[in-house]
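Descriptive analysis of the structure
Now for the letters of each chain:
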Amino acid sequence: MRKPFICGNWKMNTDRAGAVALAKATAKVAAEVPAVEVGACPPACYIEAVVAAARGTPLVVGGQNMYFEAKGAFTGEIAGPMLKDLGCRYVILGHSERRHVFGEPDDLISKKVRAAFAFGLTPILCVGELIGERRAGKTNEVVQRHVTSGFAGLAKEQAREVVIAYEPVWAIGTGETATPDQAQDVHAFIRGLLAGLYDAGLAQAVRIQYGGSVKADNAGDLMAQGDIDGALVGGASLTIDSFAGIITEGAKAKGL
Ligand code: PGA
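Residues numbered from 1 in each chain as written. Predicted model: local features only at pLDDT ≥ 70, side-chain atom pairs only at ≥ 80, totals over all residues. Heavy atoms only, no water.

Side note on the overall build of the chain
For the chain, the helix and strand inventory stands at twelve helices and eight strands. Over its C-alpha atoms the chain spans a radius of gyration of 17 Å, differing by no more than 12% from the 18 Å that the globule rule assigns to 256 residues. Its C-alpha atoms put the chain at 45 × 45 × 35 Å along the principal axes. Taken over 256 residues, the chain has a buried fraction of 54%. Of the contacts formed within the chain by residues at least 6 apart in sequence, a portion of 74% connects residues at least 24 apart. A total of about 10600 Å² of accessible surface is found on the chain, and carbon and sulfur atoms cover 53% of it. (Helix = DSSP H or I, 4+ residues; strand = E, 2+ residues; numbered from the N terminus. Rg over C-alpha atoms; globule rule 2.2 N^0.38 Å. Buried < 20%, exposed > 50% of the residue type's maximum accessible area, 1.4 Å probe, protein only. Contact = heavy atoms within 4.5 Å. Areas by Shrake-Rupley, 256 points an atom, 1.4 Å probe, with all protein chains shown as cover.)

Points about the state of the cysteines
What we call a disulfide is simply a covalent bond connecting the sulfur atoms of a pair of cysteines. Per the counting criterion, the structure on display carries zero disulfides. Lacking any disulfide linkage, Cys88 is separated from the closest cysteine sulfur, that of Cys41, by 7.5 Å. A relative accessible area of 4% means that Cys88 is categorised as buried. (Disulfide = S-S within 2.5 Å.)

Thoughts on the pattern of salt bridges
Side-chain pairing between opposite charges can occur once the charged atoms of the two side chains come close. Within this structure, the stated rule accounts for 14 salt bridges. In this structure, the salt-bridge partner of Arg2 is Asp229, at a minimum N-O distance of 2.8 Å. With a gap of 227 residues between them, Arg2 in the segment before strand 1 (5-9) and Asp229 in the loop between helix 11 (216-223) and strand 8 (230-233) connect regions that are remote in the sequence. With relative accessibility at 4%, the residue Asp229 sits in the buried group. (Salt bridge = Lys/Arg side-chain N within 4 Å of Asp/Glu carboxyl O.)

Overview of the sheet that holds strand 6 (residues 163-166)
Strand order in the closed barrel formed by eight strands is 1-2-3-4-5-6-7-8, and the pairing between neighbours is parallel. Averaged over neighbouring strand pairs, the angle between their axes works out to 25 degrees when direction is ignored. When strand 1 meets strand 2 (residues 37-41), the two strands line up parallel, connected through five bridges. By the bridge assignment for strand 2, Phe5 is matched with Glu37. Across the sheet, helix 7 (residues 139-150) lies against strand 5 (122-127) and strand 6, angled at about 160 degrees from strand 5, the strand it touches most. (Pairing = 2+ DSSP bridges. Axes fitted to C-alpha atoms, helices over the stretch in contact; angles between N-to-C directions.)

Side note on the site of the ligand
Surveying the vicinity of the ligand reveals 13 residues, the closest of which are Lys11, His95, Glu167, Gly173 and Ser213. Between the ligand and His95 there is a distance of 2.6 Å, counted from an oxygen atom to a side-chain nitrogen or oxygen. Between the ligand and Gly234, the relevant distance is 2.8 Å, taken from an oxygen atom to a main-chain nitrogen or oxygen of the residue. Protein coverage of the free-state accessible area of the ligand, which is 280 Å², stands at 95%. Residues belonging to the shell around the ligand are distributed by class as follows: four nonpolar, seven polar and two charged. (Near = heavy atom within 4 Å. Polar contact = N/O pair within 3.5 Å; in protein donor to acceptor, adjacent residues only side chain to side chain. Nonpolar A, V, L, I, M, F, W, Y, C, P; charged D, E, K, R; others polar.)

A closer look at the packing of helix 1 (residues 16-32) against helix 2 (residues 47-54)
Running from N to C, helix 1 and helix 2 cross one another at 30 degrees; their axes reach a closest spacing of 9 Å. The angle between helix 1 and helix 2 places the two elements in the roughly parallel class. In the crossing of helix 1 with helix 2, the sense of the turn from one axis to the other is right-handed. Of helix 2, the residues touching helix 1 (which contributes Arg16, Ala19, Val20, Ala23 and Lys24) are Ala49, Val50 and Ala53. (Parallel < 35°, antiparallel > 145°, perpendicular 65-115°, else oblique. Left-handed = near helix turned anticlockwise from the far one by under 90°.)

Quick look at helix 7
Along an α-helix, residues three or four positions apart point the same way, because every turn accommodates 3.6 residues. The end-to-end C-alpha distance of helix 7 is 16 Å, a good match for the 16 Å that twelve residues give at a rise of 1.5 Å each. When we look at burial in helix 7, the residues that qualify are Thr139, Val142, Val143, His146, Val147, Ser149 and Gly150. On its buried face, helix 7 is in contact with helix 4 (96-100), helix 5 (106-118), strand 5, helix 6 (131-135), strand 6 and helix 9 (180-197). (Expected span 1.5 Å × (residues − 1).)

Remember, this is a structural readout, not a statement about activity or role.
Printed below as a string of structure tokens:
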């Protein structure tokens, strides 16, 4: 069975003291709900403090982005080995803000995914369509492109470990969530793609999170869907009451 994975993406929020307090509170919830893997992706400058706060607890930590080179003259970038050195297990790659605010193309994200494995990190690969693409009936086409290029060149053992986050861009930070049926349709489509790229067994093993305005009051309905294995949570991961609600509702929806 796929272990549900609920991960907070703190984006460019918190300060040092706030990050530590939120990490401690999140780690406490993670320990109370061990059937769900709980993660936090703080701003890079607070990763070390968050890892220290999470030490000895089940809370796992990830970076929000990385560059594909191991080191060198890349001003402003952070390398995979640096995230690893700080204690990260995961790294979010291809987040819609990276794709659409910072213009990261598919081939760059693809290089980052392969590099993450080379550096001992597990990618959380974000995929998802813009509102115009959904209205034009292009959701599957866009998601197929993101998944196919994101998995390009990955060996089967690596592909099995990737966490996919389906995040319709129109649902991120807008308060508008995909309905559980809309999300389930795309998650099932992604699993079908993985079966084609690899095989049915691998498609069943890969965890696919939903992301986009997940809150405590919709997390249960979303995670009750068979192909939704967790959530990547932005705004609602920044306060412990809402994030704890998402974790407990998600666990309940999975019968855990
Ligand atoms: P949101 O962000 O939960 O604030 O919509 C989700 C994300 O961007 O991962």
